[in-house]
Amino acid sequence: DLPQVLEDPHEVEKSGLLNVTKIAQGGRKLRKNWAQLWVVLAGNSLVFYREPPPPMAPSSGWAPAGSRPESSVDLRGAALSHGRHLSSRRHVLHIRTVPGHEFLLQSDQEGELRAWRRALRAVIERLERE
Ligand code: I3S
């Protein structure tokens, strides 16, 4: 099922290319598998796509019509931390969701990762107040 955010592109808070790996699923540790994905922060979800939208994509802007996310996570109650201890890569962010799914997000651009951290923190804090 498509996350509800796909029907309301106005809720998009941030999107961009990041290196991503899932490191745990339901509390069970996974082997890392870094991939560059198009990541969209919208509503209460972080959504991952294999491909970025084509340039000049009509109106939707960030997700080509009919494109299917590879996966998405519910950020309600999620915990953010510095991922330093979890990777040798620089500029890493660690997200742990309530069901125990864990991800690392990484960018070679420090400012970009900082912007993601700020945006994610704002969404998680907003969800806490709801
Ligand atoms: O946390 P780890 O196990 O040191 O992560 C590294 C490994 O997953 C490695 O793959 P294999 O050991 O499965 O061949 C990856 O190639 C590395 O990228 C992982 O470490 P970084 O530091 O990039 O997160």
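Here the structure is a predicted model, which means the values were calculated and not measured. (Residues numbered from 1 in each chain as written. Predicted model: local features only at pLDDT ≥ 70, side-chain atom pairs only at ≥ 80, totals over all residues. Heavy atoms only, no water.)

Time to look at the overall build of the chain. Within the chain one finds one helix and eight strands. Reading the helices (α) and strands (β) of the chain from amino to carboxyl end gives β-β-β-β-β-β-β-β-α. Residue pairs in contact within the chain that sit at least 24 positions apart in sequence constitute 52% of those at least 6 positions apart. (Helix = DSSP H or I, 4+ residues; strand = E, 2+ residues; numbered from the N terminus. Contact = heavy atoms within 4.5 Å.)

Glancing now at the site of the ligand. In the vicinity of the ligand, the contacting residues are Arg-31, Lys-32, Trp-34, Ser-87, Ser-88 and Arg-89. Within the side chain of Arg-31, an N or O atom sits 2.7 Å from an oxygen atom of the ligand. Taking Ser-87, its side chain carries an N or O atom lying 2.7 Å from an oxygen atom of the ligand. Within the complex, the protein chains bury 47% of what would otherwise be the 510 Å² of accessible surface of the ligand. Among the residues making up the shell around the ligand, the classes are represented as one nonpolar, two polar and three charged. (Near = heavy atom within 4 Å. Polar contact = N/O pair within 3.5 Å; in protein donor to acceptor, adjacent residues only side chain to side chain. Areas by Shrake-Rupley, 256 points an atom, 1.4 Å probe, with all protein chains shown as cover. Nonpolar A, V, L, I, M, F, W, Y, C, P; charged D, E, K, R; others polar.)

Let's shift gears to unusual backbone geometry. In this model, His-91 sits at a positive phi of 60°, which is unusual for a non-glycine residue. Examined against the element boundaries, His-91 turns out to sit in the loop between strand E6 (79-82) and strand E7 (92-96).

Scanning all chains against the criterion turns up seven salt bridges. Note that Glu-102 is salt-bridged to Arg-96, the shortest N-O span being 3.7 Å. Glu-110 is the salt-bridge partner of Arg-114, the closest N and O atoms lying 3.3 Å from each other. With Arg-114 and Glu-110 both in helix H1 (residues 110-129) and four residues apart, this pair spans about one turn of that helix. Given the relative accessible area of 44%, Glu-110 is considered partly exposed. (Salt bridge = Lys/Arg side-chain N within 4 Å of Asp/Glu carboxyl O. Buried < 20%, exposed > 50% of the residue type's maximum accessible area, 1.4 Å probe, protein only.)

A general feature of soluble globular proteins is that nonpolar side chains tend to end up buried together. Leu-46, Phe-48, Leu-75, Leu-105 and Leu-120 are the most contacted members of the largest nonpolar core, which totals 22 residues. Of all the secondary structure elements, the ones that give two or more residues to this core are strand E1 (12-25), strand E3 (35-42), strand E4 (45-49), E7, strand E8 (102-106) and H1. Broken down by element, the residue count for this core peaks at seven residues, all from H1. Those residues in contact with Leu-75 that sit more than four places away from it in its chain are Leu-41, Asn-44, Ser-45, Leu-46, Ile-95, Leu-120, Val-123, Ile-124 and Leu-127. (Core = buried A, V, L, I, M, F, W, Y, C linked by side-chain atoms within 4.5 Å.)

Per the stated rule, a full pass over the model turns up one aromatic pair. The ring of Trp-34 carries Arg-89 above its face, with NZ or CZ at 4.1 Å from the centroid. (Phe/Tyr/Trp six-rings, centres within 6.5 Å; stacked < 30°, edge-to-face > 60°. Lys NZ or Arg CZ within 6 Å of the ring centre and 35° of its normal.)

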